[in-house]
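Commentary on secondary and tertiary structure
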Amino acid sequence: MTIEPLRVPSLKDAAIARLEELVLSGEWQAGTRLPSERDLAEQLGISRPVLHEALVDLAAKGLVRIEPRRGVFINDFRTSGSLAILSSLLAFQNGQLDPTLKRSLLAMRVLLEDETARLAALNRTSEHLETLQSILEQEAESPCDPQVLTELDFNFHLQIALASGNLVYPLIINSFQSIYTSLSGSFFQAYCGTDVVKVVFDFHKELVQAIRIQNSEAAAKIMLEMLRHGESLLKG
């Protein structure tokens, strides 16, 4: 039996989490000017440097804007937020995505990964094929462990993006990792030990074969069918 060690967040991380909660919950409305850093740091019980680092992080995500000599203002994250805010939304909602956001993410995933599969078939190298084959072998040998299956599934899709030859696609996949694994984790938690997981792995095998023979249209079609299959089960 193994026990995960306790992980205590740093003061900066705790401050970020608290400030994000205040913004995402709507308690702090868009356009609101925050108290001075000195006052806000005192209210949170942290130092000004720690608070400033937290505010810089929130600014990078688009949650706030820092205006020299004027102060810090709350942004409307729907119009000014970056991809980095998606992880914050997931954490704020305790992993439960709002239905509209879930539909949006699934639609974005179909658009992105249909293209990565097509390009992977055209641009893959022997090293990419070896890595994908290794993942297939691990999937075949893996026990019914949702966490293990989720990690393998994420790595499979990441490797497809890497094989595409596009430098940006794998970065996008990585930026969505927490959201991605939340969705696929729910999927494997629900269907681990059933034939549904075997169907997914069969899709993986077919996709790798299409990429191996460089059939780009077949690769894109298989990816689309696989994503639609998973989407229909997630909605169910």
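Scope of this entry: the structure provided in the associated data block. (Residues numbered from 1 in each chain as written. Predicted model: local features only at pLDDT ≥ 70, side-chain atom pairs only at ≥ 80, totals over all residues. Heavy atoms only, no water.)

It is at 12 Å that the axes of helix 8 (residues 146-163) and helix 11 (residues 195-212) come closest, and there the two elements cross at 20°. Overall, the two elements helix 8 and helix 11 adopt an arrangement that is roughly parallel. For helix 8 against helix 11, the interelement crossing comes out left-handed. Along the contact surface, helix 8 presents L149, D153, F156, H157 and I160, while helix 11 presents V197, V200, F201, H204, L207, V208 and I211. Per-class residue counts for the contact of helix 8 with helix 11 are nine nonpolar, two polar and one charged. (Axes fitted to C-alpha atoms, helices over the stretch in contact; angles between N-to-C directions. Helix = DSSP H or I, 4+ residues; strand = E, 2+ residues; numbered from the N terminus. Parallel < 35°, antiparallel > 145°, perpendicular 65-115°, else oblique. Left-handed = near helix turned anticlockwise from the far one by under 90°. Contact = heavy atoms within 4.5 Å. Nonpolar A, V, L, I, M, F, W, Y, C, P; charged D, E, K, R; others polar.)

With that settled, consider the pairing of strand 2 (residues 71-74). Regular strands place side chains that alternate from one sheet face to the opposite one. Alignment of strand 1 (residues 64-67) against strand 2, held across four bridges, turns out to be antiparallel. Bridge pairing in strand 2 links E67 to G71. (Pairing = 2+ DSSP bridges.)

The next thing to look at is unusual backbone geometry. We note that R69 has phi near 65°; this positive angle belongs to a residue other than glycine. Mapped onto the elements of the fold, R69 is located in the loop between strand 1 and strand 2. Residue class for R69 comes out exposed when judged on its relative accessible area of 84%. Of note, Q214 is a non-glycine position whose phi angle comes to about 60°, a positive value. If you trace the backbone, Q214 turns up in the loop between helix 11 and helix 12 (216-235). (Buried < 20%, exposed > 50% of the residue type's maximum accessible area, 1.4 Å probe, protein only.)

What follows concerns the pattern of salt bridges. For side chains bearing opposite charge, pairing can occur when the charged atoms are close. For the structure shown, the criterion picks out twelve salt bridges. Note that D57 and K61 form a salt bridge whose closest N and O atoms lie 3.5 Å from each other. Taken together, the residues span about one helical turn, with D57 and K61 both in helix 3 (residues 48-61) at a distance of four residues. Judged by relative accessible area, D57 falls into the partly exposed class, the value being 25%. Using a relative accessible area of 14% as the deciding quantity, one classes K61 as buried. A salt bridge links R228 to E231; the nearest nitrogen and oxygen atoms lie 3.3 Å apart. Of the two residues, R228 and E231 both sit in helix 12, three residues apart, roughly one turn of that helix. When salt bridges with common partners are traced through the structure, they connect E20, D57 and K61 into a single cluster. (Salt bridge = Lys/Arg side-chain N within 4 Å of Asp/Glu carboxyl O.)

The next subject is the side chain of S216. Residue position: S216 is located in helix 12. Note on S216: relative accessible area 13%, which makes it buried. Among residues more than four places away in sequence, those in contact with S216 are R118, A121 and L122.

It is worth spelling out the packing of helix 6 (residues 99-123) against helix 9 (residues 168-175) at this point. Look at helix 6 against helix 9: their axes get within 11 Å of each other, and the N-to-C directions meet at 140°. By the criterion of interaxial angle, the relationship of helix 6 to helix 9 is oblique. Here helix 6 and helix 9 pass one another in a crossing that is left-handed. Side by side, helix 6 and helix 9 meet where L112, E113, E115, T116 and L119 of the first sit next to Y169, I172 and I173 of the second. Residues that form the contact of helix 6 with helix 9 fall into these classes: five nonpolar, one polar and two charged.

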